[in-house]
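If you want the building blocks of each chain, they are given just below.
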Amino acid sequence: NHPEDFLMMQNFPNPFNPSTQISYALPQASHVVLKIFNLMGQEIKTLVDGLQTAGAHSVSWDGIDSLGKRACSGIYICQLQIGVFLKSKKMLLVE
């Protein structure tokens, strides 16, 4: 039983420390790109970049950036891109 449309849920918990879950659902197998950005639009981390099966998916972000450093407290944007579908959610990391 697959969703009829692409879905992205709000991360949980939010605010979070040290990690949070990001859940989404795909109606069909698709190339998925899931990235974290800071408020200046700089890419912090790519969590997913590849083909995924239809159905529900969940990814954890531990607050670590692509350089292996702990991200600072603040608001981050989680962006899910599946083809032309683009969805973003705000996330709050607190120390």
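Preceding block: the structure.
Notes on the structure in this doc start here. Every value quoted in this text rests on a predicted model; they were computed, and no experiment measured them. (Residues numbered from 1 in each chain as written. Predicted model: local features only at pLDDT ≥ 70, side-chain atom pairs only at ≥ 80, totals over all residues. Heavy atoms only, no water.)

When helices and strands are tallied, the protein chain shows 0 helices and 7 strands. Helices (α) and strands (β) of the protein chain occur, in sequence order from the N terminus, as β-β-β-β-β-β-β. A compact globule built from 95 residues should have a C-alpha radius of gyration of about 12 Å, and the protein chain, at 13 Å, falls within 12% of that. Counting only C-alpha atoms, the protein chain reaches 40 × 20 × 20 Å along its principal axes. The proportion of buried residues among the 95 residues of the protein chain is 39%. Restricting to contacts in the protein chain with at least 6 residues of sequence separation, those with at least 24 account for 51%. Side chains of the protein chain carry 7 positive and 7 negative charges; the gap between the two charge centres is 6 Å. (Helix = DSSP H or I, 4+ residues; strand = E, 2+ residues; numbered from the N terminus. Rg over C-alpha atoms; globule rule 2.2 N^0.38 Å. Buried < 20%, exposed > 50% of the residue type's maximum accessible area, 1.4 Å probe, protein only. Contact = heavy atoms within 4.5 Å. Lys, Arg positive; Asp, Glu negative; His and termini not counted. Charge placed at Lys NZ, Arg CZ, Asp CG, Glu CD.)

On to the nonpolar core. Ranked by internal contacts, the top residues of the largest apolar core, which has 21 residues, are Leu34 and Trp61. Put simply, the parts of the chain that give this core at least two residues each are β2 (20–26), β3 (30–38), β4 (43–52), β5 (55–61), β6 (74–82) and β7 (85–93). Broken down by element, the residue count for this core peaks at 4 residues, all from β6. If we skip the residues at most four places from it in the chain, Trp61 touches Phe16, Pro18, Ser19, Thr20, Ile22, Ile36, Ile44, Lys45, Leu47, Ala71, Tyr76 and Met91. (Core = buried A, V, L, I, M, F, W, Y, C linked by side-chain atoms within 4.5 Å.)

The full count for this structure, using the stated rule, is 1 salt bridge. With a closest N to O distance of 3.1 Å, Glu43 and Lys35 form a salt bridge. The partly exposed category is assigned to Glu43, whose relative accessible area is 41%. (Salt bridge = Lys/Arg side-chain N within 4 Å of Asp/Glu carboxyl O.)

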